[in-house]
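Okay, here's what each chain looks like letter by letter:
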Amino acid sequence: MIKQDITKYKHIWVFIEHENGKIERVSFELLTKARELAKDLGCEVHAFTVGDKVEQFKGEVFKYGAKKFFIIEDPILKDYITEPWRDAIVYMIEKHKPEIVLIGATTLGRDLAGTIATKLMTGLTADTTALDIDPKTKNLLMTRPTFGGNLMATIFCPDNRPQMSTSRPGVYKAVEEPVKGEVIKEKYEFDKGKYTKKIIEKIIEEGEKVNLGFYDVIVAGGFGMGSKENFKYLQELADLLGGTWAASRKAVQAGWAPQTRQVGQTGQTVHPKIYIACGISGAIQHQAGMKSSEVIIAINKDPDAPIFEIATYGIVGDVTEVLPKMIQMFKEKLGKA
Ligand SMILES: Cc1cc2nc3c(=O)[nH]c(=O)nc-3n(C[C@H](O)[C@H](O)[C@H](O)COP(=O)(O)OP(=O)(O)OC[C@H]3O[C@@H](n4cnc5c(N)ncnc54)[C@H](O)[C@@H]3O)c2cc1C
């Protein structure tokens, strides 16, 4: 273990992930969460990123409360390639010494965080679902599900800085709190001969990318929906209520929904105002992604299904009977019949 002078490290840094000129939503979620942690620590929230042209993001970054925005711009950083991004970011972190570094647990974020943490020889907790400050030690408490969601582990990093975590998208709500921020441009001298990887072609897969976290109402279907055709009820009800539809992993595996709509431990985490679980048993791995919804309505023909344990309202019945009735009723109530 390398002992560091940890008192030199200050402030919380949030990584601004971007692709095709657009910031990933998780970065705003983390800026919002970081503001809360910063209050407990009495420090500031800063944002950082690298890329070809990234100063353009400053407006959005300051809107979510980052007082400083550290950037390195260089054509070599145009597309995400692990090594040059890592080197530029490690340079900024070593120079400015943030106490905490938060990165979204996206595909890019997970790749980047691992390589940064090993270069900095500090601790990293991957895919956390809760972050708190220990009132006594002021260490960052990073909580994540482990062993298939059967155990929640709270991990902390007492002797090394920065304390690093990748956090699961969708866990925190993104709330604006504009500040007047400052852009700090750094320069890194790349040893261009060092990098052997090149992007030859980028292929954007056809198919929708759904951010379930955007919706206040989610109508989700499980294996109890019985068929892909029956998923039309979910879509119809969701449309009526101004929400979207989602699925359990078993429904995804049955080919009734794309993985992009899966809720749960290996899918997306959501906390809508209303979550309607249709023909979903309520396995712990599914609950991991939706149990913090404000109101949970469960429809299941088995009165002993575990989903009823967390449901605000439960309907024991067959989804193919209950859903058409609900759709009809909402149509009438909303004057859309
Ligand atoms: C490592 C790991 C990660 C996982 N990640 C996820 C994840 O991210 N998301 C996820 O969802 N799962 C995940 N799972 C799978 C999870 O354990 C369950 O298998 C899954 O959630 C079950 O899906 P289900 O509720 O749709 O199906 P089932 O468990 O088969 O439940 C179907 C339910 O529908 C009811 N039903 C049947 N017919 C009707 C009807 N006509 N009307 C009303 N109700 C009816 C049944 O009573 C039953 O309760 C994971 C598992 C593992 C091991």
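Residues numbered from 1 in each chain as written. Predicted model: local features only at pLDDT ≥ 70, side-chain atom pairs only at ≥ 80, totals over all residues. Heavy atoms only, no water.

Right, let's get into the nonpolar core. Ranked by internal contacts, the top residues of the largest apolar core, which has 33 residues, are Ile-12, Leu-31, Val-61, Phe-69, Leu-102 and Leu-140. When residues of this core are traced back to their parent elements, those giving at least two are strand E1 (12-15), helix H1 (25-41), strand E4 (45-51), helix H2 (58-63), strand E5 (68-73), strand E6 (100-104), strand E8 (130-133) and strand E9 (140-146). With eight residues, the single largest contributor to this core is H1. In contact with Leu-102, other than residues within four places in its own chain, are Ile-12, Trp-13, Val-14, Phe-15, Leu-30, Ala-34, Leu-37, Leu-131, Leu-140 and Ser-165. By size, the runner-up hydrophobic cluster in this structure holds 25 residues, among which are Val-101, Leu-108, Leu-120 and Met-164. (Core = buried A, V, L, I, M, F, W, Y, C linked by side-chain atoms within 4.5 Å. Buried < 20%, exposed > 50% of the residue type's maximum accessible area, 1.4 Å probe, protein only. Helix = DSSP H or I, 4+ residues; strand = E, 2+ residues; numbered from the N terminus. Contact = heavy atoms within 4.5 Å.)

Not every one of the 24 residues close to the ligand is listed here, only the nearest: Phe-223, Ser-248, Lys-250, Thr-266 and Ser-281. One of the backbone nitrogen or oxygen atoms of Val-263 is found 2.8 Å away from a nitrogen atom of the ligand. Take Gly-267: an N or O atom from its main chain is 3.3 Å from an oxygen atom of the ligand. Compared with its free state, where it exposes 980 Å², the ligand has 77% of that area covered by protein. Counting only elements with at least two residues in the shell around the ligand, the list comes to helix H6 (249-253) and helix H7 (284-287). Across the shell around the ligand, the residue classes tally to five nonpolar, 14 polar and five charged. (Near = heavy atom within 4 Å. Polar contact = N/O pair within 3.5 Å; in protein donor to acceptor, adjacent residues only side chain to side chain. Areas by Shrake-Rupley, 256 points an atom, 1.4 Å probe, with all protein chains shown as cover. Nonpolar A, V, L, I, M, F, W, Y, C, P; charged D, E, K, R; others polar.)

Let's shift gears to the packing of helix H5 (residues 231-240) against helix H9 (residues 319-333). In the contact formed by H5 and H9, the axes pass within 10 Å of each other and the chain directions differ by 25 degrees. Here H5 is positioned roughly parallel relative to H9, judged by the angle of their axes. Where H5 crosses over H9, the two elements pack in a sense that is left-handed. Facing Tyr-233, Leu-234, Glu-236, Leu-237 and Leu-240 of H5, the residues of H9 in contact are Thr-320, Leu-323, Pro-324, Met-326, Ile-327, Phe-330 and Lys-331. Considered class by class, the residues forming the contact of H5 with H9 number nine nonpolar, one polar and two charged. (Axes fitted to C-alpha atoms, helices over the stretch in contact; angles between N-to-C directions. Parallel < 35°, antiparallel > 145°, perpendicular 65-115°, else oblique. Left-handed = near helix turned anticlockwise from the far one by under 90°.)

Moving on, we come to the sheet that holds E9. The strands that make up a sheet are held in pairs by hydrogen bonds between backbone atoms, and each pair lies either parallel or antiparallel. The strand order across the open sheet formed by three strands is E8-E9-E10, and the pairing between neighbours is antiparallel. The sheet terminates laterally at E8 and strand E10 (151-155), the two strands that pair on one side only. Here the strands of the sheet are splayed against their neighbours by 25 degrees on average, with no regard to which way each runs. Relative to E10, E9 runs antiparallel, the two sharing five bridges. Bridging across to E10, Pro-145 finds its partner in Met-152. Contacting E8 and E9, H1 runs over the sheet at an angle of about 20 degrees to E8. (Pairing = 2+ DSSP bridges.)

If you walk through the whole model with that rule in mind, you get 16 salt bridges. Between Glu-36 and Lys-33 there is a salt bridge, with its nearest N and O atoms 3.0 Å apart. Taken as a pair, Glu-36 and Lys-33 lie in helix H1 at a separation of three residues, close to a single helical turn. On the basis of relative accessible area, Glu-36 is assigned to the partly exposed category, the value being 44%. Note that Lys-197 and Glu-83 form a salt bridge whose closest N and O atoms lie 3.0 Å from each other. One end of the pair, Lys-197, is in the loop between strand E12 (182-186) and strand E13 (217-221); the other, Glu-83, is in helix H3 (residues 82-96), with 114 residues separating them in the sequence. A cluster of three or more residues bridged by salt bridges with shared partners is formed by Glu-55, Lys-58, Glu-73 and Lys-185. (Salt bridge = Lys/Arg side-chain N within 4 Å of Asp/Glu carboxyl O.)

Attention now moves to H3. In this model, H3 (15 residues) spans 21 Å end to end at C-alpha, consistent with the 21 Å of a helix rising 1.5 Å per residue. Along H3, the positions that sit buried rather than exposed are Thr-82, Pro-84, Trp-85, Arg-86, Asp-87, Ala-88, Ile-89, Val-90, Met-92 and Ile-93. Just past H3, the residue Lys-97 takes up positive phi, approximately 50 degrees. (Expected span 1.5 Å × (residues − 1).)

What follows is about the sheet that holds strand E16 (residues 295-300). Reading across the sheet, the five strands line up as E14-E13-E15-E16-E17 and stay open at both edges, with parallel pairing between neighbours. If you trace the sheet from one side to the other, it starts and ends with strand E14 (244-247) and strand E17 (313-316), each paired once. Neighbour-to-neighbour, the strand axes of this sheet turn through a mean angle of 15 degrees, independent of strand direction. In this structure, strand E15 (residues 274-278) lies alongside E16, joined through five bridges in parallel fashion. Counted as the bridge partner of Cys-278 is Ile-299 from E16. Most of the contacts of H5 go to E14, to which it runs at about 145 degrees, and overall it touches E13, E14 and E15.

All chains considered together, the criterion is met by 12 aromatic pairs. For the ring pair Tyr-80 and Trp-85, a centre distance of 5.0 Å and an interplane angle of 85 degrees mean the geometry is edge-to-face. Here Trp-85 falls in the buried class, since its relative accessible area comes to 1%. Of note, Lys-232 hangs over the ring of Tyr-233, and the distance from its end group to the ring centre comes to 4.7 Å. Its guanidinium or amino end placed over the ring of Phe-223, Lys-250 lies 4.8 Å from that ring's centre, counting from NZ or CZ. (Phe/Tyr/Trp six-rings, centres within 6.5 Å; stacked < 30°, edge-to-face > 60°. Lys NZ or Arg CZ within 6 Å of the ring centre and 35° of its normal.)

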